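This is what each chain is made of:
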Amino acid sequence: MKVLIVGSGGREHAIAYSVAKNKSVEKIYCAPGNGGISELAECVDIGAMEFEKLAAFAKEKEIDLTIIGMDDPLVGGIVDVFEAEGLRVFGPKKNAAILEGSKAFSKDLMKKYQIPTAAYENFDRAEDAYAYLETAKFPIVLKADGLALGKGVLICNTLEEAREGVKSIMEDKKFGSAGNRLVVEEFMTGREVSVLSFVDGKTIKTMTSAQDHKRAKDGDQGLNTGGMGTFSPSPFYTKEIDEFCQKNIFQKTVDAMAAEGREFKGIIFFGLMLTEDGPKVLEYNARFGDPEAQVVIPRMKNDMIEVMDACIDGTLDQIELTFEDNAAVCVVLASDGYPVSYEKGFLIHGLSAFDGKEGYYVFHAGTKKTDEGIVTNGGRVLGVTAKGKDLKEARANAYEAVTWIDFENKYMRNDIGKAIDEA
Ligand code: AMP
Ligand code: GLY
């Protein structure tokens with residue numbers, strides 16, 4: 001069979017790696033892809049938002065399955081365009097991807113179906129938000145309603161900061177139209193955990209847990225990024241917590257979407273906070289996390305294509321998802337200066353050190369193939385993943401493997417997985 005993957009990050013590289021293991025896959029295309037993905041797939045120069053071009057390409061090449069890795073095309077309705085052309089595609093339709101595309105929608109859904117989440121109010125007008133803040137408790141959390149590259153969340157400690165936040169989101173439109181609506185949310189404290197799941201519209205099967213490190217600098221300092229590293233599983237996500245979430249969050253979300261006439265097929269990523277009052281939903285995403293995929297997928301025993309087929313066909317109840325009884329850690333190698341400004345185009349040395357090394361992976365995010373070799377081409381450049389029998393061993397292995405790679409302006413966090421010492 002022939003597979004097309006839409007996206008260009010480390011997540012898509014991990015998906016391509018997994019898809020390539022399926023014996024019946026004869027050819028993989030990736031649009032637009034990156035330098036590392038080009039080792040496994042033919043990269044095609046079509047942007048992820050060029051739905052008509054992508055569908056025409058899938059028809060021309062007789063693609064059997066298209067996998068959408070990224071949020072923007074899903075929220076924009078790429079799945080509807082493919083399905084209208086009779087093409088087989090993995091991911092939620094537009095009316096279901098809204099679970100990620102609108103935070104106001106997801107909060108209203110959780111309230112209506114009593115899914116635990118922080119208390120909140122939605123606002124369409126800045127004046128109403130300002131008035132609400134006058135009597136609010138601080139810190140408080142402001143969230144732009146739409147997609148904002150993970151940057152549309154502001155935690156405000158004072159009334160003054162919150163007023164500035166409302167102005168920047170709703171009036172100055174710092175995140176564009178994503179700020180046409182605003183969610184103002186109660187501030188919660190606790191450990192964060194990411195639980196990803198496959199969904200076929202009715203049945204949900206959760207994957208192993210993971211934890212991301214969103215801030216740029218050690219000790220969770222610095223700006224929010226797309227994610228600087230991950231570990232899996234999370235030792236804080238216990239069996240009791242899982243039981244609670246299965247009962248009160250996961251299946252309830254799938255049922256709520258179905259009841260709203262928004263059948264969800266694809267991946268639901270639950271961003272959870274383990275608070276003193278129990279687990280609560282911070283956010284939903286409608287796709288694999290990046291870099292969560294880089295620690296979850298290498299531990300998955302199932303055939304990715306088989307699971308995705310079951311999601312599309314509504315037969316997920318017949319699949320048992322299984323994960324290796326080990327751990328994985330991913331350390332992101334970024335360009336110094338990310339997420340603000342950074343140089344690119346530097347040659348990357350040492351990639352071949354990973355060839356044939358079982359349990360070690362180098363997933364490319366911002367890289368490009370040139371005549372001289374693979375060069376840096378983005379803020380997050382590579383995700384170096386290593387497995388180990390437990391989290392400590394996986395972390396030691398990952399921090400050993402990052403020394404094999406060298407490029408100018410290489411930057412990483414040195415404390416990915418430090419939290420596991422407290423478990
Ligand atoms: P989100 O994109 O909604 O996951 O928010 C990004 C990050 O902001 C989360 O990973 C949390 O660290 C933080 N955050 C979001 N909502 C809250 C909240 N209600 N209380 C405390 N922190 C939050
Ligand atoms: N790592 C967080 C995300 O993919 O949204």
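This is a predicted model, so every value here is computed, not measured.

Draft legend 1. Representation of the overall build of the protein chain in the model. Scanning the protein chain for helices and strands turns up twelve helices and 22 strands. Its C-alpha atoms give the protein chain principal-axis dimensions of about 60 × 45 × 45 Å. Considering only residue pairs separated by 6 or more positions, the protein chain has 68% of its internal contacts joining residues 24 or more positions apart. Split by element, the accessible area of the protein chain, about 17700 Å² in all, is 46% carbon and sulfur. Here the protein chain contributes 51 positive and 68 negative side-chain charges, whose respective centroids are spaced 1 Å apart.

Draft legend 2. Spotlight on the sheet that holds strand β3 (residues 42-43). Taken in spatial order, the five strands of this open sheet run β3-β2-β1-β4-β5, and their pairing is parallel. Strands with a single pairing partner mark the edges of an open sheet, and in this sheet they are β3 and β5 (89-90). In this structure, strand β1 (residues 2-7) lies alongside strand β4 (residues 65-68), joined through four bridges in parallel fashion. When the sheet's bridge partners are listed, V3 is paired in β4 with L65.

Draft legend 3. Region of interest: the packing of aromatic side chains. For the structure on display, the rule yields twelve aromatic pairs. Relative to F363, the ring of Y17 lies with its centre 6.0 Å away and its plane at 65 degrees, an arrangement referred to as edge-to-face. Taken together, the residues Y17 in helix α1 (residues 10-19) and F363 in strand β18 (residues 360-364) connect sequence positions 346 residues apart. Of the two residues, Y17 and F363, neither departs from the other in class, the shared state being buried. On the numbers, 6.3 Å between centres and 55 degrees between planes, the contact of F90 with F198 is tilted. Taken together, the positions of F90 in strand β5 and F198 in strand β10 (residues 191-200) put the pair 108 residues apart, joining distant regions of the chain. Residues F90 and F198 agree in their burial class; the two are buried. Following the ring pairs from residue to residue traces out a cluster consisting of Y17, Y361 and F363.

Draft legend 4. Main features of the site of ligand 2. Surveying the vicinity of ligand 2 reveals the residues D212, G226, F269, N285, R287, G289, D290, P291 and E292. D212 places a side-chain nitrogen or oxygen 2.8 Å from a nitrogen atom of ligand 2. The contact in question runs from a nitrogen atom of ligand 2 to an N or O atom on the backbone of G226, over 3.4 Å. The fraction of the free accessible surface of ligand 2 (200 Å²) that becomes covered by protein chains is 89%. Its residues placed into classes, the shell around ligand 2 shows two nonpolar, three polar and four charged.

Draft legend 5. Here's a closer look at the sheet that holds strand β8 (residues 153-156). Ordered by their spatial adjacency, four strands build an open sheet running β6-β9-β7-β8, and the pairing between neighbours is antiparallel. Each edge of the sheet is formed by a strand with only one pairing partner; in this case those strands are β6 (120-123) and β8. The average angle at which neighbouring strand axes cross in this sheet is 20 degrees, direction not considered. Together, β6, β7 (140-144) and β9 (182-186) form the strand contacts of helix α7 (residues 126-133), whose direction differs from that of β6 by roughly 150 degrees.

Draft legend 6. Main features of the pattern of salt bridges. For the structure shown, the criterion picks out 30 salt bridges. The salt bridge involving R287 is made with D71; its shortest N-O contact spans 3.7 Å. Placement of R287 in the loop between β16 (278-285) and α10 (293-296) and of D71 in helix α3 (residues 71-76) is noted, with a sequence separation of 216 residues between them. According to the relative accessible area criterion, D71 is buried, its value standing at 16%. Close ionic contact of K387 with E324 constitutes a salt bridge, the shortest N to O distance being 2.9 Å. Remark: E324 occurs in the loop between α11 (304-313) and β17 (327-335) and K387 occurs in strand β21 (residues 380-388); sequence separation between them is 63 residues. Among the residues examined, K387 registers a relative accessible area of 15% and is labelled buried.

Draft legend 7. Expanded view of the packing of α7 against helix α8 (residues 159-171). Where α7 meets α8, the closest approach of the two axes is 10 Å, and the angle between their N-to-C directions is 165 degrees. Compared by their axis directions, α7 and α8 come out roughly antiparallel. Along this stretch, α7 crosses α8, giving a crossing that reads as right-handed. Every residue of α8 that contacts α7 at A126, A129, Y130 and L133 is listed here: L159, A162, R163, V166, K167, M170 and E171. Residue classes in the contact of α7 with α8 are distributed as eight nonpolar, no polar and three charged.

Draft legend 8. Fine view of helix α6 (residues 103-112). With seven of ten residues buried, α6 lies mostly within the body of the structure. When α6 is considered as a whole, its buried residues turn out to be K103, A104, F105, S106, K107, L109 and M110. Taken from the residues just after α6, Q114 is the one with a positive phi, measuring 55 degrees.

Draft legend 9. Region of the structure containing the side chain of K103. Among the secondary structure elements, K103 is positioned in helix α6. Not counting chain neighbours up to four residues away, the residues in contact with K103 comprise K143, A144, D145, V153, V183 and E283.

Draft legend 10. Seen up close, the side chain of E283. Following the sequence through the fold, E283 ends up in strand β16. Exposure remark for E283: the relative accessible area of 18% places this residue in the buried category. Among the polar contacts listed, one links the side chain of E283 to the side chain of N285, at a separation of 3.5 Å. With residues up to four places along the chain from it excluded, the contact list for E283 reads K103, K214, F269, F270 and G271.

About the cut-offs
Residues numbered from 1 in each chain as written. Chains lettered and ligands numbered in written order. Predicted model: local features only at pLDDT ≥ 70, side-chain atom pairs only at ≥ 80, totals over all residues. Heavy atoms only, no water. Helix = DSSP H or I, 4+ residues; strand = E, 2+ residues; numbered from the N terminus. Contact = heavy atoms within 4.5 Å. Areas by Shrake-Rupley, 256 points an atom, 1.4 Å probe, with all protein chains shown as cover. Lys, Arg positive; Asp, Glu negative; His and termini not counted. Charge placed at Lys NZ, Arg CZ, Asp CG, Glu CD. Pairing = 2+ DSSP bridges. Phe/Tyr/Trp six-rings, centres within 6.5 Å; stacked < 30°, edge-to-face > 60°. Buried < 20%, exposed > 50% of the residue type's maximum accessible area, 1.4 Å probe, protein only. Near = heavy atom within 4 Å. Polar contact = N/O pair within 3.5 Å; in protein donor to acceptor, adjacent residues only side chain to side chain. Nonpolar A, V, L, I, M, F, W, Y, C, P; charged D, E, K, R; others polar. Axes fitted to C-alpha atoms, helices over the stretch in contact; angles between N-to-C directions. Salt bridge = Lys/Arg side-chain N within 4 Å of Asp/Glu carboxyl O. Parallel < 35°, antiparallel > 145°, perpendicular 65-115°, else oblique. Left-handed = near helix turned anticlockwise from the far one by under 90°.

Taken by themselves, the reported measurements are silent on function.
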